[in-house]
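Examining the three-dimensional arrangement
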Amino acid sequence: MKIIVSYFIEAAKKFKLSFCKSFLMTVLVSLVNLATIIYFRLILNQISTSSTEIIKYLVILCLLLVCTSFINVLWSISLDKFGGEYIAYLVHQCQISIHNTQFKNINSSKISHTLYNDVLNIFRVVGNYIPSLLCSAILIILLLIFSTTIDLFISLFLLLSITVGIMISYVSRKIIVESSTSTNQKLKEYYNTLHEYTDKVEYIKTNNLLSYFVNITQTKIINFISSSIKEDKKIYFFSTFTQNYNSLMQFILSILLSLPVYQNSLPNLAFYIILFNFLMSQGQRMELLFQQINRNRICFANISDIRNLPALHGNKPIFDISSIELKDITFSYSNKSNNVLDHFSLKLMKGDFALVKGTNGIGKTTLFRILLNQYSPTSGEVLINNEKLDSYSISSYYENIAYISQHEPVLNTSIKNYLEEISHTIIKSDTVDKIISSLQMSNLHHINENELSGGEKKKVLLSKLMALEENVSLILIDEVDAELDTETKEKFYSYLNHIASRQDKIILLIQHNDASQLNFNKTISF
């Protein structure tokens, strides 16, 4: 719970105004509920007065109930406003942390779900569940204190009833959740079997495997139904048990209030029955909120893991990359036993145009990832301008690099906006038109990645290179000429040769196709 409390305190400090508004509205809702119960007691005390007075009290009670509805609307608005600020803050914190860490530290398979689902759950806990839990607890305490001013013995009975009721509700819900988890797992297994069957229909037909899949499917259905029966038994048993407990306590309360000592007071009976039902509902609500808070602890852990990703600590600015040296580099991925790079060394100077070649999976792209500081070598050093790569500010370092990869995504926007965003500069419209014309992209003024052909996407990536090359000193190109038409490919080679001829950059090009048209002066073979 410590991590949950820390997030609650952080939200209160970071968003003082919106958080306090939301929290105070939650308190106000509870206070109005408290006032309604107390006012109801006052009405019962006036039961013997004239009908006119009773009508007046009832009208005020109705107005109080209407007021409660409006306050609930205001509460929801204040909660939404706080949620907008808090969600944006958490997501931004995570994005900054992801941006400032190495790629190897990022679990890309779960990160989008974490940023979407877990952030929303944290907001629910911090903005709603905890304040509501606290207010329910305060409301129960205040109502019990008010009850003691009327009758101490009955108040103690109410306290005991609520405490036992919360315990019953907690145990019941825990057993039901465990059972439903098992049923959901069986249902998932059944779904996966059907999914496998539909994916392999042709294979099943040609290999006469229908009976095999029928048997598996029937088994999964039987397992699911069996688990559902067990779950339903527990659900109906415990839900009925909880209802019966409430009815029993209410019956006992009625008997107690009918004893001679209470003089068969109808106002007392009516008040305590209403108070009992309200307190029991608040107690069960507290238990539910506690369960929801406890269930979402993993969300806080997941977001904290992202916010605390190890950051690249370099802060030295770099304005030009004039030399690159890899000294005795060894590297292996965590899920592989073999080294991808083994005692690899390389030295490049400004003006070098290096062709990187070798078979697939041999380490060419890994070399680029190390140069981009996405991964750190297991051993050896990466020196940029004779300084360790880790000493540089990562954002400053990337400002000097144009990295073009065949698999990289593009932004779904206009070509002009794409080039401005990717280059972080304002680009004149005639410059954009020139790039579009040179790459024969007149039909691509607006990018929709899902509708791009392979060749069109490569042209978009080449436009990125043309927008960046003036302002960078290191160019890394990972096989972008595949799927280009012959004319565009020749223009691309000519453009690279032109850049290389200026001798003011370091260029590394991964290439599988014929590179005879390129004027490279170094070859890096794997």
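Criteria and cut-off values
Residues numbered from 1 in each chain as written. Predicted model: local features only at pLDDT ≥ 70, side-chain atom pairs only at ≥ 80, totals over all residues. Heavy atoms only, no water. Pairing = 2+ DSSP bridges. Helix = DSSP H or I, 4+ residues; strand = E, 2+ residues; numbered from the N terminus. Contact = heavy atoms within 4.5 Å. Axes fitted to C-alpha atoms, helices over the stretch in contact; angles between N-to-C directions. Buried < 20%, exposed > 50% of the residue type's maximum accessible area, 1.4 Å probe, protein only. Arc of directions from axis to C-beta. Salt bridge = Lys/Arg side-chain N within 4 Å of Asp/Glu carboxyl O.

To continue, consider the sheet that holds strand β5 (residues 387-388). Read across the open sheet, the 4 strands follow the order β2-β1-β4-β5; overall the sheet is antiparallel. Here the strands that pair on one side only, and so sit at the sheet edges, are β2 (341-349) and β5. Where helix α10 (residues 364-371) meets the sheet, its contacts fall on β1 (323-331), β2 and β4 (379-384), and the angle it forms with β1 comes to roughly 120°.

Right, let's get into the pairing of strand β3 (residues 353-357). A large share of β3 lies buried, amounting to 4 of its 5 residues. Relative to strand β8 (residues 506-510), β3 is paired through 4 bridges, and the arrangement is parallel. Looking across to β8, one finds that F353 is bridged to I507. When β3 meets strand β9 (residues 522-525), the two strands line up parallel, connected through 4 bridges.

Where helix α13 (residues 429-438) is concerned, the buried positions are V432, I435 and I436. One face of α13 carries all of its buried residues, which in axial projection span an arc of 100°. Exposed and facing more than 90 degrees away from the buried side of α13 are D430, K434 and S437. Contacts from the buried residues of α13 go to α12 (415-423) and α14 (454-468). Just past α13, the residue Q440 takes up positive phi, approximately 55°.

The subject of this paragraph is unusual backbone geometry. With a phi close to 55°, H343 is a non-glycine residue in the positive phi region. Structurally, H343 is set in strand β2. Positioned with a positive phi, N385 is a non-glycine residue whose angle comes to about 55°. In this fold, N385 is placed in the loop between β4 and β5.

With that settled, the discussion passes to the pattern of salt bridges. Within the structure shown, the criterion is met by 15 salt bridges. A salt bridge links R173 to E287; the shortest N-O distance between them is 2.8 Å. Within this pair, whereas R173 is found in helix α5 (residues 152-199), its partner E287 is found in helix α8 (residues 266-295), the two being separated by 114 residues in sequence. Judged by its relative accessible area of 3%, E287 is buried. One network of salt bridges, with partners in common, ties together E469, R502 and D504.

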